[in-house]
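Observations on chain architecture
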Number of protein chains: 2
Amino acid sequence: MEIEKKSQVEEEEQIVTPWEVAAEKGGKIDYDKLIDRFGCQRLDQSLIDRVARLTRRPPHVLLRRGVFFAHRDFSDVLDAYERGEKFYLYTGRGPSSEALHLGHLVPFMFTKYLQEAFKVPLVIQLTDDEKCMWKNLSVEESQRLARENAKDIIACGFDVSRTFIFSDFDYVGGSFYKNMVKIAKCVTYNKVVGIFGFSGEDHIGKVSFPPVQAAPSFPSSFPHLFSGKDNLRCLIPCAIDQDPYFRMTRDVAPRLGYHKPALIESSFFPALQGETGKMSASDPTSAIYVTDSAKDIKNKINRYAFSGGQDSIENHRKYGANLEVDIPIKYLGFFLDDDAELEHIRTEYGAGRMLTGEVKKRLVEVLTELVERHRRARATVTDEMVDAFMAVRPLPNMFS
Amino acid sequence: MEIEKKSQVEEEEQIVTPWEVAAEKGGKIDYDKLIDRFGCQRLDQSLIDRVARLTRRPPHVLLRRGVFFAHRDFSDVLDAYERGEKFYLYTGRGPSSEALHLGHLVPFMFTKYLQEAFKVPLVIQLTDDEKCMWKNLSVEESQRLARENAKDIIACGFDVSRTFIFSDFDYVGGSFYKNMVKIAKCVTYNKVVGIFGFSGEDHIGKVSFPPVQAAPSFPSSFPHLFSGKDNLRCLIPCAIDQDPYFRMTRDVAPRLGYHKPALIESSFFPALQGETGKMSASDPTSAIYVTDSAKDIKNKINRYAFSGGQDSIENHRKYGANLEVDIPIKYLGFFLDDDAELEHIRTEYGAGRMLTGEVKKRLVEVLTELVERHRRARATVTDEMVDAFMAVRPLPNMFS
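This structure is a prediction, so every number in the text was calculated from the model and none was measured.

Thresholds applied
- Residues numbered from 1 in each chain as written.
- Chains lettered and ligands numbered in written order.
- Predicted model: local features only at pLDDT ≥ 70, side-chain atom pairs only at ≥ 80, totals over all residues.
- Heavy atoms only, no water.
- Pairing = 2+ DSSP bridges.
- Helix = DSSP H or I, 4+ residues; strand = E, 2+ residues; numbered from the N terminus.
- Contact = heavy atoms within 4.5 Å.
- Axes fitted to C-alpha atoms, helices over the stretch in contact; angles between N-to-C directions.
- Least-squares fit on C-alpha atoms with pLDDT ≥ 70 in both.
- Buried < 20%, exposed > 50% of the residue type's maximum accessible area, 1.4 Å probe, protein only.
- Arc of directions from axis to C-beta.
- Expected span 1.5 Å × (residues − 1).

**Section: the sheet that holds strand E3 (residues 41–42) of chain A**
Residues and elements named next belong to chain A. With mixed pairing, the seven strands of this open sheet are ordered in space as E3-E4-E9-E8-E5-E6-E7. With partners counted over all chains shown, the strands left at the sheet margins are E3 and strand E7 (163–167), one partner each. Here helix H2 (residues 31–38) sits on the sheet in contact with E3 and strand E4 (68–72), set at roughly 10° to E4.

**Remarks on the relation of the copies chain B and chain A**
For the pair chain B and chain A, the relating rotation is 180°, the translation along its axis is 0.0 Å, and the fit reaches an RMSD of 0.0 Å. The operation mapping one copy onto its partner corresponds to a two-fold rotation axis. Of every C-alpha in chain B, the one belonging to Gly173(B) sits nearest the axis of rotation, 2.2 Å from it. The fraction of interface residues of chain B whose copies in chain A are also interface residues reaches 100%, indicating that both copies meet through the same surface.

**Remarks on helix H16 (residues 294–304) of chain A**
All names here are of chain A. Taken together, the buried positions of H16 are occupied by Ile-297, Lys-300 and Ile-301. The buried residues of H16 occupy one face: seen down the axis, they fall within an arc of 95°. Looking at H16, the residues exposed on the side facing more than 90 degrees away from the buried face are Lys-295 and Arg-303. On its buried side, H16 packs onto helix H20 (356–379).

**Things to note about the sheet that holds strand E8 (residues 233–239) of chain B**
Residue and element names in this part refer to chain B. Across the sheet, seven strands lie side by side as E3-E4-E9-E8-E5-E6-E7; this open sheet has mixed pairing. Whereas interior strands pair on both sides, the edge strands pair on one side only; in this sheet they are strand E3 (41–42) and strand E7 (163–167). Where strand E6 (residues 122–126) meets E7, five bridges bridge the pair, whose relative direction is parallel. Bridged to Ile-124 within E7 is Ile-165.

**Some details on H20(A)**
All names here are of chain A. The first and last C-alpha atoms of H20 sit 34 Å apart over 24 residues, in line with the 34 Å expected at 1.5 Å per residue. Taken together, the buried positions of H20 are Thr-356, Val-359, Lys-360, Leu-363, Val-364, Val-366, Leu-367, Thr-368, Leu-370, Val-371 and His-374. Turning to H20, the residues buried within the fold contact helix H6 (102–118), helix H8 (139–155), H16, helix H17 (313–319), helix H18 (327–335) and helix H19 (339–350).

**Some remarks on the pairing of E7(B)**
With five of five residues buried, E7(B) lies mostly within the body of the structure. Side chains of E7(B) alternate between two faces, with Thr163(B), Ile165(B) and Ser167(B) and Phe164(B) and Phe166(B) buried alike.

So, in structure tokens, the structure goes:
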């Protein structure tokens, strides 16, 4: 009895939903527990090796460092790919803020790699309807943010000949709406309460939304791309907090005659203050934004990035840094592509021979370069390019 | 305590929702009680006289006979009309069956009169999505029925230069979808449960649907018709079982900056077997269909139309017919336009000088003519005409 109670409390303390991510009090997100609770699979080394072999290129840094750490049926997608059957990628973003932070870029950087490596089409959903309903945004402001965010997404380097970006307010209708209705028919209110935890006081827009995020998992939602290809598989790269939507979608898929969408899921990009959740767009000191200047980045890293180093140089030399809690090391793990250099830093820092200041200096360089590169790329994205990516059009060479 | 309990039971026994209409056991629908419970207003003689004056034509038979008996804010619409402000009409149909029965025609016959009399535009929603979700119909079958039903609706004589017919599967999207989202944001799950009585085991498609039926009440859902006319009033002729949708809509309207839609509401067209509810499309002997032959009509009226006449000619001559329960008299009240003739029949029949067989004979003539006329009109409705009514297009002369 006592034990049951305790485990229930623990369960309650770690919260991961599409709208809230919070670790147990004072702790980190327990990803093993999450895999167990959600019922997805760990992405192991043999799968990573298989991706490298099939794509004939080294696995992406976010894959080999275990940032993308869980999956559902990814091996089935690779089996099919090996037999010569292509698939399509689906990812998305809820446009709730003007400026993206580094955590927002993670799924897009990874998706771009998957698109290039597998040479497959990609659909990107901007859920302006969701943000209009969840945040108190007007339709117009949600749509404006969707277009602004589309520019950041395009700046990640997606191939316009294989990529369709759409906003729900623009695109919902026709075949997409038909799939929304078909999906909604298969899901009871009790079911969505179980998955998403809605209450009776929540508005019905929230209850209506899950089918909108589910619909892009089925190829018939995009007749201009996949007409006659109802059998095409879908692979969804996303952060693991989106898993509830796709658990629901996978439940429904066979009843509608589609493959269950496969997933490849990432952990959360930690806040500067430490790894207790996702970065928060509402707390500017918790995150590095793609709009931050070199000076902002230097300042934020030096002032806020939680250090695993010891409190005095003497102790640091003696005991070394605690890499498990050190945010600069975590961030380098996401963005420093050079395995040897990262290993060297980890060894020297962990042994106390390298100081926090030195590690932070290297991180500032890496992030400044990344952010500067993003900013330059974004500056070249014109409204015409946004229109081109968002045009409802066939993509004749999307698989080649 | 005892009394409260009893009134609750009575409340439970008369059921009027968009999906179920049932009188108290053995009784008739109590429309006075319904007006009280729903909180709408009785449509009195002074309003009918006002309609006649404003439109400079006699009020429609369905208006002067009290078939359309209740309203919400209809007088506000007339006030505005008198000031020179036009409005638009909105009605609809859930396409769940191939053939319409006479009860289905009632709102369309009346709407056609309103359109002609007031010279206003009209939008007609075919809720194929609703029927796909409520009945177990495929998307394709719901769409096919929507088009078939559109032909029957067009056959009622609507003016293509003032009428836009749309199916939800075709038309949901864009401005219409934006209004759906805005409406959904304003309505909690508890609220729709209170209004529509959904349970947790109902699928979320049902919970998502009310905003779809609400959206046409706002002019901005039709930018091709009412762009820049957000202040345009909407008048909805419908059977009173649809009131719950529009109570919800009226609640939401001011928060979105629109006029509350006004309503003009009819009682139900009774089944042949008697006035305990609506006719049922699933029981062919309960209704006259627009596809019935003259022989079918004669047969159904003679065999099934519930008579208020006495059980023997002697008693009938002595006591006269009970007009309150007599279905032929009710039906003549809907469809026999000649007031003097109806009054004559009522007097003679009520006094026992006219027999049930004679009244039924006259009813068969009236209905046969109506159904034959409808069938001839429907036979001339081509697919091109359906396309024309359903095309998303401006209607430049819709107010003139």
